[in-house]
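# Structural overview for review
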Amino acid sequence: MIKNYHHLKKASGISPDKFLHNLNRHERKRLTLEIVKLNHPALAHSNNALKRMINANMYPKRYQQIQINDALRVRIKDAVAGILNFGGSATGGSIKYLAVGVYTSTDAEQ
């Protein structure tokens, strides 16, 4: 949820709590490109490949406002359901120990 929040804020330039209001055409296009890059990481490094895919109608040029609103609502509901599921498992005794790992990636291309 936090990762999605930061990506949405970076892509649109406005605070994510205002996404349910109308976005202009430019903001919707920028947000659409960011969503496609998140869903397909191989396209994130090549803007030419992304543009070819959009021109070939494999991905939309921009999402409609209702599609953005619906997707945002689904992600919020999923995040809340995950939190409730974890909380219920923790209080019910199913989760006794919690391990948190922090990983970093290094770029080996030199």
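Here we summarise the structure given alongside this text. (Residues numbered from 1 in each chain as written. Predicted model: local features only at pLDDT ≥ 70, side-chain atom pairs only at ≥ 80, totals over all residues. Heavy atoms only, no water.)

### Section: the overall build of the chain
The helix and strand tally for the chain stands at four helices and zero strands. With 110 residues in all, the chain has 21% of them scored as buried. By element, 55% of the accessible surface of the chain is carried by carbon and sulfur atoms, the whole surface being about 8,800 Å². (Helix = DSSP H or I, 4+ residues; strand = E, 2+ residues; numbered from the N terminus. Buried < 20%, exposed > 50% of the residue type's maximum accessible area, 1.4 Å probe, protein only. Areas by Shrake-Rupley, 256 points an atom, 1.4 Å probe, with all protein chains shown as cover.)

### Some remarks on helix α3 (residues 47-55)
For α3, the complete set of buried residues consists of Ala49, Leu50 and Ile54. The buried residues of α3 occupy an angular sector of 135° when projected down its axis, which confines them to one face. Residues Asn48, Lys51, Arg52 and Asn55 are exposed on α3 and point more than 90 degrees away from its buried face. Positive backbone phi, approximately 60°, marks Asn57, located one or two places after α3. (Arc of directions from axis to C-beta.)

### Focus on unusual backbone geometry
Its identity as a non-glycine residue notwithstanding, Asn57 has a phi of 60°, on the positive side. Inspection of the secondary structure puts Asn57 in the loop between α3 and α4 (65-92). Owing to a relative accessible area of 69%, Asn57 belongs among the exposed residues under this scheme.

### With respect to the nonpolar core
Of all hydrophobic cores here, the largest spans six residues; its members are Val36, Leu43, Ala49, Leu50, Ile54 and Tyr59. Residue contributions to this core peak at three residues, all from α3. The contact partners of Leu50, leaving out residues within four places of it in the chain, are Leu33, Val36, Lys37 and Leu43. (Core = buried A, V, L, I, M, F, W, Y, C linked by side-chain atoms within 4.5 Å. Contact = heavy atoms within 4.5 Å.)

### A short note on helix α2 (residues 25-39)
If you check α2, its first and last C-alpha atoms are 21 Å apart, about what 15 residues at 1.5 Å a residue would give, namely 21 Å. All of the buried residues in α2 are Glu27, Arg28, Leu31, Thr32, Glu34 and Val36. (Expected span 1.5 Å × (residues − 1).)

Interpretation note: all reported values are geometric properties and have no functional meaning in isolation.
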